[in-house]
Amino acid sequence: MLRPSAEQGTIPFQPTPYGHSRVGRPLEVWRSPRHAELLVFAGIHGDEPETTGVLSKALRRLAAPPEACAVVLAANPDGLVRGTRANARGVELNRNFPTRDWKPDPVAHRATLDGPREVLLSPGEAPASEPETRALIALVEELEPETVVALHAPLGCIDDPKHGAVAQWLAEATGLPLVEDVGYPTPGSFGTWAAERDLAVVTYELPLASPDELARTHVPVLVDLLTRSPL
Ligand SMILES: [Zn+2]
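Keep in mind it's a predicted model, so treat the numbers as computed, not measured.

The rules behind these values
Every chain's residues receive numbers from 1 upward, in the order its sequence appears when written. Local features in this predicted model are restricted to residues whose pLDDT is 70 or higher, and side-chain atom pairs enter the listing and the counts only when it is 80 or higher, whereas totals over whole chains, interfaces and linings include all residues. Hydrogens and waters are ignored; side-chain quantities use all the structure's heavy atoms. The donor definition counts N, O and S atoms within 2.8 Å of each metal and applies 3.2 Å to Na, K and Ca; water is not among these atoms, so some sites may look incomplete. Donor angles set the geometry label: tetrahedral for four donors if every angle is between 85 and 135 degrees, square planar for four and octahedral for six if opposite donors exceed 155 degrees and the others are between 65 and 115, irregular for anything else. Helix numbering and strand numbering both begin at the N terminus, where a helix is a DSSP run of H or I of at least 4 residues and a strand a DSSP run of E of at least 2. Partly exposed describes any residue whose relative accessible area lies between the buried limit of under 20% and the exposed limit of over 50%, with all areas from a 1.4 Å probe on protein chains only and scaled to the type maximum. In a helix, the anticipated span is given by 1.5 Å times the number of residues less one. Contact criterion: two residues are considered in contact whenever any of their non-hydrogen atoms come within 4.5 Å of each other. For Phe, Tyr and Trp, rings pair up if their centres lie within 6.5 Å, where Trp contributes its six-membered ring, and each pair is then called stacked (planes under 30 degrees apart), edge-to-face (over 60) or tilted (otherwise). By nonpolar core is meant a set of buried Ala, Val, Leu, Ile, Met, Phe, Trp, Tyr and Cys residues that side-chain atoms within 4.5 Å join together. Axes, fitted as lines to C-alpha atoms, cover a helix only where it is in contact. Angles between the N-to-C directions of the axes lie from 0 to 180 degrees. Every angle not falling under 35 degrees, over 145, or within 65 to 115 is termed oblique; those three ranges are roughly parallel, roughly antiparallel and roughly perpendicular. Crossing handedness: left-handed means the near helix sits turned counterclockwise from the far one by under a right angle, and right-handed means the same turn made clockwise. The classification used treats Ala, Val, Leu, Ile, Met, Phe, Trp, Tyr, Cys and Pro as nonpolar, Asp, Glu, Lys and Arg as charged, and all other residues, Gly among them, as polar.

J.: What is the right way to read the coordination of the zinc ion from this model?
T.: Reference values for coordination geometry: four tetrahedral donors around a metal ideally subtend 109.5 degrees, six octahedral donors ideally subtend 90 or 180 degrees. Bound to the zinc ion on the protein side are His45 (ND1), Glu48 (OE), Glu48 (OE) and His152 (ND1), at distances that span 2.0 to 2.3 Å. With 4 donor atoms in place around the zinc ion and angles of 57 to 151° between them, the coordination shape is irregular. One chain supplies every donor for the zinc ion, spaced along it as H-x2-E-x103-H. On the criterion of sequence distance, the pair formed by Glu48 in the loop between β3 (38-41) and α1 (49-61) and His152 in strand β7 (residues 147-152) is long-range, its members being 104 residues apart. The same class applies to Glu48 and to His152, which are both buried.

J.: Explanation requested: α1 in the structure shown.
T.: Counting along an α-helix, one turn takes 3.6 residues, and residues three or four places apart therefore face a common direction. Compared with the 18 Å implied by 1.5 Å per residue over 13 residues, the 19 Å span of α1 between its first and last C-alpha is a close match. Along α1, the residues that are buried comprise Thr51, Thr52, Val54, Leu55, Ser56, Ala58, Leu59 and Arg60. Along its buried surface, α1 packs onto β3, β4 (69-72), α2 (77-82), β7, β10 (200-207) and α6 (211-228).

J.: I keep staring at helix α3 (residues 131-143) and nothing clicks. Help me out?
T.: With 13 residues, α3 should cover 18 Å at 1.5 Å per step; its first-to-last C-alpha distance of 18 Å lies within 8% of that length. Inspection of α3 places Pro131, Glu132, Thr133, Ala135, Leu136, Ile137, Leu139, Val140 and Leu143 among the buried residues, and these make up the whole buried set. Elements that come into contact with the buried residues of α3 comprise β1 (16-20), β2 (26-29), β3, β4, α2 and α5 (190-196). Just downstream of α3 lies Glu144, where phi reads positive at about 50°.

J.: What should I look at first to understand the packing of aromatic side chains in this one?
T.: Centre-to-centre distance and the angle between the planes together describe a pair of aromatic rings. Across all of its chains, the model carries 4 aromatic pairs by this definition. Pairing Phe97 with Trp193 gives two aromatic rings, centres 5.9 Å apart and planes at 40°, and the pair type is tilted. Of this pair, Phe97 sits in the loop between α2 and β5 (107-110) while Trp193 sits in helix α5; the two residues are 96 residues apart in sequence, bridging distant segments of the chain. On the basis of relative accessible area, Trp193 is assigned to the buried category, the value being 2%. Through successive ring pairs, a cluster of aromatic residues spans Phe41, Phe97, Phe190 and Trp193.

J.: How should I be thinking about the nonpolar core in this particular structure?
T.: Generally speaking, a soluble globular protein has its nonpolar side chains buried in company with each other. Counting 34 residues, the largest nonpolar core has Val149, Leu170 and Tyr204 as the members making the most contacts within it. Of all the secondary-structure elements, those providing two or more residues to this core are β3, α1, β4, β7, α4 (165-174), β10 and α6. Of all the elements, α6 adds the most residues to this core, at 8 residues. Among residues more than four places away in sequence, those in contact with Val149 are Leu38, Leu39, Val40, Phe41, Val166, Leu170, Val202, Tyr204 and Leu225. If you look at the next biggest cluster of nonpolar residues, it comprises 25 residues, including Tyr18, Ile44, Leu136 and Ala194.

J.: I tried to follow the packing of α4 against α6 on my own but got confused; where do I start?
T.: For any two helices packed against each other, one specifies the inter-axial angle together with the distance between the axes. The contact between α4 and α6 brings their axes to 10 Å, and the two run at 150°. In terms of axis orientation, α4 runs roughly antiparallel to α6. Helix-helix and strand crossings are classified by hand; for α4 and α6 the assignment is right-handed. Between α4, through Val166, Trp169, Leu170, Ala173 and Thr174, and α6, the contact on the second element is made entirely by His218, Val221, Asp224, Leu225 and Arg228. The residue makeup of the contact of α4 with α6, split by class, is 6 nonpolar, 2 polar and 2 charged.

Structural data, given as structure tokens:
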């Protein structure tokens, strides 16, 4: 059941902390009352605040905590507050996970979707050097979800090398193409880390669109994802 519009300004249930960011901001998870089959997280890239926006709007529509889902609205709160892709120490968290192919080389990224890869970010001084990375790993290990959905923007695709049931459902519900990779290697990414542990991860890349358009199309999909359990 959804809450009336007048009540959708606030999140009606309380989060629990699962760690702290580099500068001490709480890392918060909205946990399900029972086993979380699904973990959905947004905002690991601080320059993708639209991911936090749509996931928050979806959570605020729910009259009760999602029964089988855990939700993280801001995996990188320092980056979101500062508007940076990286965390407060300048580390690209999605290259900081302890994968077999982790490399200390700087990560090149595009400042705009069609721009050159010229902005260099650090993958950290070592794998899992950052508190946000370690906290997310500990959360996944504690929750043991069957599937994790990681929200990103603005590539406009559903990425799952295994084309699992959740990815197929999301592709159908959003109309976004289902792809097997984002077209470039991602050493140290959450997805690569999870794949090495046989944990299913779906990367849900919102398309390039206005916040209003994203809300119209993607909030209803996220509400369904959180409540319907399409697993
Ligand atoms: Zn991203």
